[in-house]
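In case you want the letters, here they are:
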Amino acid sequence: MSHFWSGRNVVVTGGAGLVGSHLCDLLVHAGAKVLVIDDFSKGTRSSLKHLEGKIRIQEGDLCQPNIAESFFAGQEIVIHLASRAYGIAYSPNHHDEMLTFNRTLNKRVLEACAQCKPERICVVSSSCVYPDDAPSPTPELPVMTGEPEKANIGYGWAKRELEMEASQLAVKTGIGVAIVRPFNAYSGRYKWEGGYSHVIPMLIKRILDGEDPLVVWGSGNQTRNFLHAIDFARCFLAVTEHHAAADPVNVGYEETIRIADLAALICELSGHHPHLVFDTSKPEGRMIKSADSTKLRRVTHGIQPTISLREGIREMIDWYYRNFSHSA
Ligand SMILES: NC(=O)c1ccc[n+]([C@@H]2O[C@H](COP(=O)([O-])OP(=O)(O)OC[C@H]3O[C@@H](n4cnc5c(N)ncnc54)[C@H](O)[C@@H]3O)[C@@H](O)[C@H]2O)c1
């Protein structure tokens, strides 16, 4: 990490979440003065426990009027991670909720930025802004290209609005705005959401619980690029530092794995070998999701992942034993 962050007042919305807690680790290490705002609807205090005394934490619901303003005053950089999203079992039946909730949250945060005028903001969008027929690997298409991906259309529209309104704010106020479009993250700090959880924790839990046969949603041929949340956080900070230009940057890479191969990798590393069955009646989302990382590498002077999927899956297996050892 560069000296850019040293001594800076940085507020992290959603800092108790999966990516946020790793991002706080990096900021503290870089010497920033960190304030986390989180309502703990999804984030956990335990994921920040090791930073006790090193960061400030404020509990607050950023959807409520005037909450963000009261915390943003005097902050130099706002990194806006707070959002609501769940796995594919939840999103398709909750598009309105995803749109309305995230729209309100983002509006409040940007209004507070307009009022408090930090030097920079990083807004975290999503690869869900891309349409289902986007080319793969997907370059940074203009935000209004087609419709957002169908499986997450409400969430995707809210992220598009966030990008557009943050860009407008940059023009109106001169605030530096970084826009990141992440693909798929995971880490051993994942908070289990039961049947609504994301694909890696879901497969780990079901395989290590001993489900046999293991029914996998979709054909198994859908492919994804997965990046450890530490690497997500490194990329968010690098883009904020080097490219606060109201210009979206993908956070993800070209390499993908088929969901069938992901399940097989988990089986290999965990020593469980259920019979895999693919249920094509269940939603599987876009067939290929991979990022064109050209711009990410260009604006960050060549940032690369530090944690391989194999290492990350081992960490997720440990996550399972820490969280569910009673059923192991
Ligand atoms: N994890 C991924 O694969 C992925 C992919 C694409 C985009 N993103 C985006 O990256 C960002 C971080 O993702 P994550 O995986 O860490 O998410 P997360 O759900 O783990 O963290 C979000 C945090 O926001 C908090 N929060 C939610 N509503 C709030 C509110 N009203 N007020 C205050 N805090 C609130 C939650 O408690 C949680 O700690 C999000 O904006 C997400 O949309 C994530």
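Residues numbered from 1 in each chain as written. Predicted model: local features only at pLDDT ≥ 70, side-chain atom pairs only at ≥ 80, totals over all residues. Heavy atoms only, no water.

A. Focus on the site of the ligand. The ligand sits among 30 residues. The nearest are Val19, Asp38, Leu81, Tyr155 and Ala185. Between Ala185 and the ligand, the recorded distance is 2.8 Å, taken from a backbone N or O atom to an oxygen atom. Here the ligand has 820 Å² of accessible area as a free molecule, and 93% of this is covered by the chains. When contributions to the shell around the ligand are tallied by element, the ones reaching two or more residues are helix H1 (18-29), helix H3 (95-116), helix H4 (153-173) and strand E7 (184-186). Across the shell around the ligand, the residue classes break down as 16 nonpolar, nine polar and five charged. (Near = heavy atom within 4 Å. Polar contact = N/O pair within 3.5 Å; in protein donor to acceptor, adjacent residues only side chain to side chain. Areas by Shrake-Rupley, 256 points an atom, 1.4 Å probe, with all protein chains shown as cover. Helix = DSSP H or I, 4+ residues; strand = E, 2+ residues; numbered from the N terminus. Nonpolar A, V, L, I, M, F, W, Y, C, P; charged D, E, K, R; others polar.)

B. Focus on the sheet that holds strand E12 (residues 257-258). Reading across the sheet, the three strands line up as E12-E9-E14 and stay open at both edges, with mixed pairing between neighbours. Sheet topology places E12 and strand E14 (288-289) at the edges, where each strand pairs with a single neighbour. Relative to E14, strand E9 (residues 223-224) runs parallel, the two being bridged by two bridges. Paired with Arg224 across the bridge in E14 is Lys289. (Pairing = 2+ DSSP bridges.)

C. Structural view of the sheet that holds strand E3 (residues 56-59). Taken together, seven strands build an open sheet; the order of strands is E3-E2-E1-E4-E5-E6-E11 and the sheet is parallel. Both edges of this open sheet fall to E3 and strand E11 (245-251), since each of them pairs with a single strand only. Across the sheet, the axes of successive neighbouring strands diverge by a mean angle of 15°, strand direction being ignored. Where strand E4 (residues 77-80) lies against strand E5 (residues 120-124), four bridges are found, and the strand directions are parallel. Within the sheet, the bridge partner assigned to His80 lies in E5 and is Val123. (Axes fitted to C-alpha atoms, helices over the stretch in contact; angles between N-to-C directions.)

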